Amino acid sequence: MSTLLEIKSSVLRQVQVCPSFRRRTEEEPASGNADPPEPTAAAWKPGDGVEFFSQMRLILKKGEGRQGLPCPEVLLCSSSPAPAEPVDPSRGLRALSQEEVDMLYEEALYTVLHRAGTMGPDQVDDEEALLSYLQQVFGTSPEEHTAAVERVKKAKAPTYALKVSVVRAKNLLAKDPNGFSDPYCMLGILPASGAVREPSPHKEQRFSFRKGSKRGGPLPAKCIQVTEVKSSTLNPVWKEHFLFEIEDVGTDQLHLDIWDHDDDVSLVEACRKLNEVIGLKGVSRYFKQIVKSARANGTAGPTEDHTDDFLGCLNIPIREVPVAGEDRWFKLEPRSSASRVQGDCQLVLKLITTQRDTNMSQRGRSGFLSYLLLLSRLLQFEHRAEEPNSSSWRGELSGPAATVLCLHGAQSNLSALQLAVLHWQVSSRHHQTRTLDYGYLLGLLEDLQAHWEEAGSLPQEQEEGLADSFSAFSEFGLKLLRQLRDYFPATNSTAVYRLELLLKCLGKLQLFQPSFEICPFETELNMDIAAALKRGNREWFDKLLNTRSPREQPGPQRLAGLVKLADTIYEDLQSCYGIYASLFHSIIKVDFFTLTFRQLERLVAEEAWVLTEELSPKMTLEVASGLFELYLTLADIQRFWSSIPGRDSRSLALAGIHAPFLPAVKLWLQVLRDQTKWRLQGAVDVDTLEPMDASSKHSSSAATASLCFSHIQELWASLAWPDPAQAQTLGTQLSQDLCEAALFYTELLRKKVDTQPGAAGEAVSEPLCVVLNDVELLRKAAGQALRGLAWPEGAAGLEGTLPRPLLSCTQALDEDLQREARTVTAHLTSKMVGDVRKYVQHVSLSPDSIQNDEAVAPLLKYLDEKLALLNASLVKENLSRVLEAVWELLLQAILQALGANRDVSADFYGRFHFTLEALVNFFHAEGQGLPLESLRDGSYKRLEEELRLHQCSTRECIEQYYLDKLKQRSLEHNRFGRLSVRCHYEAAEQRLAVEVLHAADLLPLDANGLSDPFVIVELGPPHLFPLVRSQRTQVKSRTLHPVYDELFYFSVPAEACRRRGACVLFTVMDHDWLSTNDFAGEAALGLGSVGGVARPQVGGSARAGQPVTLHLRRPRAQVRSALRMLEGRPNKEAQEFVKRLRELEKYMEADP
């Protein structure tokens, strides 16, 4: 591995960390004609790089779907039916023997033939239809069916009983003075004749179910039963239960009276005694006699003032009680038309059998067991009629099936809780043999839970059966969860919904766990689920590993499979987070994502460590490519974990996985460099230097180059190398490679455009415009790609800033490409030079008789036509570049025109001044073109100054010369030294006093490193002071800091000192004994600011005023422009002024 770390590129590196990548002409004189260097042919398959970048694009495309956390709406892309779940016929209820089947058949027939009560609207009331349905269910022949029916008909009819629950009453009449009543109920069974049935030998017992009391069947009541008295209420609540034996279901009826109790006589005792009386006639007389008997045994006295008041009655024929029972409000009825009653009474009625002449009953088989077997038989028969592979059946029973079950449940006196338990037990077992809809099973559990909360418990045998069903279903569910990905794929919305319902079913089972005396679960169910998920994860991983990357294969062959395995694991983790995690956490409180991520991440990390260690000594380009792709996926897995709030990737098994991949990454990046150049070469070869389409202005090769650089940037972002030092090495090398590729592409373009034939006389070359657009697009794309190559710099790095080597590299490339763009721009505008000069000459040669706008019109028209073509061919940035170049071209052409015309009229210069302003407005285009600051800078200022000076007289030019000296500021204060002076004007003597004090830090102009300085003092301009001669100080030998303290007087009027440009000029010279004196520097002081010039000096002191320090300097271009203007003037005054200044310039030739 150590040798791989030293792998070098096949192309020698000629650039350092932050070089300029432009191949400069002055360094390589022959490079203009030489072909660009061919990219080195790496060990990768030779070609134009298309195949390499196609593979690279596929790698990047995988990463595109891994940005951010997954969205469930994206993952759930299919709504097809869910995969079929495994079924096992052996997991259903025990198979019945033929004898048991026959007994069950008999039980069902007996239930139908002895049905009692009123059928509901959804039930089948046709006996033959019900019997025919049972024949189909049990598969008997007509003869067997007929014989069985006859046997059942000969059997003894069952004993019927009516269960009555008196729940409550409402809105009763107020019979007591306090506005209330003390109501109680009396109820009994009346035969059709109206006579009360003979009492049974059983003792009378009145009972009431209390919450938490021991459950027990109600004892048969006497003919008359009485509820408790509820004092002072019009809305009494009793909730008392009674059981009455029924002799004739068709004729007997339930009678109920509600009375207002007026004393404490025991009505129950009265009922008991009256039940011993025989022969009473009439219903009304019968119930009245009960009340009278109570009075007779009481203490009310001989009168009957305390007779109970009648509140209403009910008469309900037994035959009208619904088969399934009913819970309803009955409106109270009067005894006669004279009675006044109101209100309603809520009763729960259910008609049951207490003795059944069937084999199952005779053998002690309970109705609970009979119903379980019958329901199982019917469910199997009903489900068989559905689609064979359907998993969406919700247990919808046909009318005959529902009717038979309703009849049997009612006749067997099964409670709502028992029915819920039976339907769950049978359906959950049936689901394991043939799949049902989990929503149906969940509904059964919810129904069971609701009834469980009301009833509270079951007989031990039934509770054990329920616990067994829970255990069997949870075992079945855990088996499915072990194969979660097979049966509930995250991409299938139907399967995911089934998983949600399954988890809710398991969650319901957890709610029952504390309620069972016999717990069906040895451990907490969610712990079992977590264990099942872990086991399933390991089995799924091992299966994938054996399929895609078996350990017995050689390392290079395993690599491709391990890449696919890692991709599959990433996709699976996305599904775990986006789909499964929320379901498991919200429903059963299991952190499925953390559990799965930790397990799979550790397993894939182990495989990656082993494989990289095996492949490191056998590193080839193919192996490096595979390892590079593998690392990207492993890095994505790490980032996926880190992107979740509160997760730290440092504790992962993948935390240090990047180390063994470093040699492969280095080698792959070298291949990337070479293949990029091949790709750019191929793109330019087929490029026609025409716009790709109407919406773009660049050619196809620029789009290819931009795409290549974008891929490189995306690749670096996906790589995200965690080690800062290694990342800097990799990023620096990659940025240099990218810069080389960018400049390589520009050279290819330059060579390509040179071979393009140009149209004769074409001022705007379309290929050049396209190349210029290509360079601009490349500059933006390369700059963006380079900025995207930032690497972590550790704690010392500033957030949001580029690392210094990358910043230098980016700036150098931008400068090179900007320079390349300017070169192409210059080439493009060079074709306009002749035309521009021709139209500027037209302006200069236009006679004075035509207007200025007419003279400049041809130039503006030409520019408008050419710039319109450029605007259509260039992007905005390049159009600005070309406009700037054309503007500079125009300014230079006008300057040449001015230089070629000397001693012309002022109108000539005025016309060019008009032309200049017209061009400014044209190029500014009301803010749509170049900014005014850019237009009025550089050559514009020089040209404007030239025009202004050309319009001035000779004296005005001389004054301007001195004004420029006064405006001049030294940019290097310490280079030429300083001079301290003091000036004031003595109005009384009309003279100017100038005192030269001292100088400092003068230039050493002699061989000994010193100077012999003296100062020349003169006033200017000369035409303001024609009689004043210059004066000079003494020479101070061998010093750079001379002290003079010399005072000079100049007899001049104050008015002349106030004139424009009036100044005192100090010229410091170095005295040479054997040659001409050397110029050391100069400084000017405006006389307008000197004390006493504007107004007389107060106090008249000869040395009034503060010293002034002047920085010495040399005349700059803006000063010399006025001098050049005077050189062209033929008059004597201008020539003498120029001659004197030329003599001074001779001393300046020795400027160090």
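Conventions used here
- Residues numbered from 1 in each chain as written.
- Predicted model: local features only at pLDDT ≥ 70, side-chain atom pairs only at ≥ 80, totals over all residues.
- Heavy atoms only, no water.
- Helix = DSSP H or I, 4+ residues; strand = E, 2+ residues; numbered from the N terminus.
- Expected span 1.5 Å × (residues − 1).
- Buried < 20%, exposed > 50% of the residue type's maximum accessible area, 1.4 Å probe, protein only.
- pLDDT = per-residue confidence, 0-100.
- Contact = heavy atoms within 4.5 Å.
- Pairing = 2+ DSSP bridges.
- Axes fitted to C-alpha atoms, helices over the stretch in contact; angles between N-to-C directions.
- Core = buried A, V, L, I, M, F, W, Y, C linked by side-chain atoms within 4.5 Å.
- Salt bridge = Lys/Arg side-chain N within 4 Å of Asp/Glu carboxyl O.

(A) Up close: helix 19 (residues 621–642). The end-to-end C-alpha distance of helix 19, which contains 22 residues, comes to 31 Å, matching closely the 32 Å that a straight helix rising 1.5 Å per residue would cover. The buried count for helix 19 comes to 19 of 22 residues, which makes it a mostly enclosed element.

(B) Just the confidence of the model for the protein chain, in detail. When pLDDT is averaged along the protein chain, the result is 80; 81% of the residues meet or exceed 70. Here residues 1–44 scores under 50 on pLDDT; set against residues more than four positions off or in separate chains, the count is 79 contacts. Between residues 276–285, whose pLDDT stays under 50, and residues either more than four places distant or in other chains, the model counts 6 contacts.

(C) Molecular detail of the sheet that holds strand 8 (residues 344–355). Read across the open sheet, the 4 strands follow the order 4-1-8-7; overall the sheet is antiparallel. Bordering the open sheet on either side are strand 4 (237–246) and strand 7 (326–331), each of which pairs with just one other strand. Across the sheet, the axes of successive neighbouring strands diverge by a mean angle of 25°, strand direction being ignored. Relative to strand 8, strand 7 is paired through 6 bridges, and the arrangement is antiparallel. Bridged to Glu326 within strand 8 is Leu349.

(D) Region of the structure containing the nonpolar core. Of all hydrophobic cores here, the largest spans 221 residues; its most connected members are Trp424, Leu448, Leu481, Phe584, Leu634, Leu672 and Phe923. Residues in contact with Phe584, not counting those within four places in the same chain, are Leu481, Leu484, Leu499, Leu503, Ile529, Leu533, Lys589, Val590 and Phe592. Grouped together as the second largest cluster of nonpolar side chains are 37 residues, Leu992, Leu1003, Val1015 and Val1093 included.

(E) Broad picture of unusual backbone geometry. Put simply, Gly1020 and Pro1021 share a cis peptide bond, and its omega is -5°. Here Pro1021 shows up in the loop between strand 11 (1013–1020) and strand 12 (1031–1032). The backbone phi angle of Ser232 is positive, close to 50°, even though this residue is not glycine. The topology assignment puts Ser232 in the loop between strand 3 (224–226) and strand 4.

(F) Representation of the pattern of salt bridges in the model. For the structure shown, the criterion picks out 32 salt bridges. Across the pair Glu917 and Arg936 runs a salt bridge, and its minimum N-O distance is 3.5 Å. One end of the pair, Glu917, is in helix 28 (residues 906–924); the other, Arg936, is in the loop between helix 29 (932–935) and helix 30 (939–950), and 19 residues separate them in sequence. Three or more residues joined by partner-sharing salt bridges are found here, namely Glu776, Arg779, Asp814 and Arg881.

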